[in-house]
Every structure is written in C-alpha cells, then in structure tokens.
Amino acid sequence: MADLSATIAGVRIDPLFMNASGPDCTTPEQLSGLLRSGAGAAVTKSMTLMPRPGNPEPRYMDLPLGSINSMGLPNLGYEEYCRLLPALRHEGSKPIVASVAGFSLSDYVTIARAASEAGFDLIEINLSCPNIAGHPQVGYDFEASDAVIAAVRSVCDRPLGLKLPPYFDPVHHEQMAAVLRRHRLEFLTLINSVGNTLVIDADSERPVIRPRDGFGGLGGEYVKPVALANVRAFHTLLEGRVPIIGVGGVYGGRDAFEFLLAGACAVQCGTAYKQQGTRVFDRLAAELNAILERKGYAAAAAAVGRLRALPAAASAPA
Ligand code: RRO
C-alpha cells in the first residue's frame, strides 16, 4: 500500500482526498457524512456573515462531462458552522476545513477570525465565487486580493489558504504570484469553477439553470486542463514552496495522479462527489494507490510536481 497522505502546515490529510467546498457540504448531516467517509478531510460550504438560502432553482445541472451551477452561496452562516465544530469533532479526528466567503473586506475579517478562534484545522478563503450578481470575483482584482489576504492573515492564527479562480493568461498567473509572494500562506486551492459559462438546452431553447440568465460556474471534465494548467503555473512560479490542493475534473485515480504530477499535494472532488456521493472517495484512493504501486512510487508525495519534459526533438537533417 502506497502512502496516500498529504501534510499541509502540519495538518495530516490521509488519504489526500477531500470534497470541494460546493456541493453537499452545507448541513451538519452532510458534513458528518463526509467525516465518516473515506475522505481524508471535510470542507464546509463557503460561509457568509448571515445565513443565505441561495439563488432560485434550478441552480445546478449535471452535464455530459460535468456540471454547471449558480448556487448563490446557500449556507447556514459562519456562527452556525463555528458552533457546530465541537459536535463534528465527535465524528473522528479528520481535519475540518472552513471555507470563508464575503461581500466586503470586513466580512472576510470577521469570519476568518471566528473560524480561526473556533479551531478549524485549515481556513480556505474563497476569492472566487462566480455567482453573485454585483460582486465580481475578488481573485480577478489583484489589489483587492492583496488587501483581503493582508487583513485575514492579521486575524488568523490557523493555517490559511486561498481558493482562486482559474486564470487564462500567463500575465495573470505572474501578477497573482507576485501578490502571493508578499504574504505568508499555508496553501492554495486551485481552481474554483470556470465562471460565467452558459449552457443552452436546444430542445426548450432555454438556459439549463435559472439564476443570472443561465450564467454559472462550469465544473467537471470540461475544466480539468484549465485546473492542471493553473496548478502547474503556480507550482512553478512559487517554486513548490506553497502546498497546492488541486480541484477540477477529478473522477478517478488517474485524474488525481495528473494533479500530483502538475504540483498538487492533495486533491478535492466537486462534481464527482455531487454525482456519486461519498463512495467516490474510497474508489479514488484505491485507484490512486494502484497507479502509484504500478509505477513504483512508495508515496503520493514523491510524485508531486514530477511532470516530465518531452524529450528533445530530433534535429532536422541538414
Ligand atoms: O455557491 C455558489 O454559487 C458557488 C460558489 Br460560493 C463558488 O465558490 N463556486 C461555485 O461554483 N459556486
């Protein structure tokens, strides 16, 4: 059996799989189910200052190769998640990750401080919710991101990380990496759904989800190459110094192995968890173990960032 653990800021995640903040991690029952499953950690739905019912339905749709959502941050509010934490601890010793969202700098500070004081094992600051009208994704504004990171860092004693949106241009990878180098961060989670996509049902001639005229975040197989590229870009730009949790299109052990090669040390699962439930985690661990054993890796950690270069091209005949 290969060692499937990851360690982030001293927090051991074994196996290295967890749910992505998003589907089915809002209620105490859902979080308990994750803690009792084969996942190595559980992540909460992004929590806001006040409880929210979220956007009108339909707001999630399975697609042939993934999903689209415009959930609109339905959650119980940060005070309830902080209150629930001691009871969730009774489900076992797995790390519990608080996902934090906000509509202002002061929201982020209030919630991050409370989550840190409550004792969540890791705090993941969501800078990339694509689905709230009038609130652009913070991660696409580098100055605003810098300000949020500085402010939450100053009130957060627990390991702190960011969940970033996908970037599509190397200039943006470099600009965000420059921001990240200015701060102490224990991890990055890459990537959130690809925001503001539109899926149309040709039969009904309508969008498949209701909110925001059908615009929503795309997940699943569609986004895996985007996610791998973002993991690779930040792993390279930050010289492997900041642990990365990869997310986007993980359905099997082979997908997870690709994320390890790109530079992730742990992996989250969003659409596949939504579609298959908690049993997905046992399958992911078994499949990743089989790949690592077949390839002679004693530990998942040994594969992190080990993407090989293509061999040099044969020189053209003179
Ligand atoms: O709740 C959502 O609509 C949502 C969030 Br907070 C997020 O970060 N990413 C996403 O795809 N949906």
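Residues numbered from 1 in each chain as written. Predicted model: local features only at pLDDT ≥ 70, side-chain atom pairs only at ≥ 80, totals over all residues. Heavy atoms only, no water.

Draft legend 1. Layout of the packing of aromatic side chains. The final tally for this structure, using the stated rule, is 5 aromatic pairs. Taken together, the aromatic side chains of Tyr140, Phe142, Tyr167 and Phe234 make up a single cluster linked through ring pairs. Note that Lys274 overlies the ring of Tyr60, its terminal NZ or CZ placed 5.1 Å from the centroid. (Phe/Tyr/Trp six-rings, centres within 6.5 Å; stacked < 30°, edge-to-face > 60°. Lys NZ or Arg CZ within 6 Å of the ring centre and 35° of its normal.)

Draft legend 2. Examining the sheet that holds strand S6 (residues 66-69) more closely. Read from one edge of the open sheet, 4 strands run S5-S6-S14-S11, paired in antiparallel fashion. Either end of the sheet is taken by a strand with one partner, and the two such strands are strand S5 (60-63) and strand S11 (194-198). Within the sheet, the average angular offset between the axes of one strand and its neighbour, ignoring direction, is 35°. Examined bridge by bridge, S5 and S6 share 4 bridges and lie antiparallel to one another. What sits directly across from Asp62, in S6, is Ser67. (Pairing = 2+ DSSP bridges. Helix = DSSP H or I, 4+ residues; strand = E, 2+ residues; numbered from the N terminus. Axes fitted to C-alpha atoms, helices over the stretch in contact; angles between N-to-C directions.)

Draft legend 3. Structural context of the nonpolar core. Core analysis: the largest hydrophobic core is formed by 101 residues, its most contacted members being Phe120, Ile125, Leu164, Leu180, Leu188 and Phe234. The element best represented in this core is helix H9 (residues 279-295), accounting for 7 residues. The contact partners of Phe234, leaving out residues within four places of it in the chain, are Leu164, Tyr167, His173, Met176, Ala177, Leu180, Leu188, Leu190 and Ile244. (Core = buried A, V, L, I, M, F, W, Y, C linked by side-chain atoms within 4.5 Å. Buried < 20%, exposed > 50% of the residue type's maximum accessible area, 1.4 Å probe, protein only. Contact = heavy atoms within 4.5 Å.)

All quantities given are derived from atomic positions and should not be read as evidence of function.
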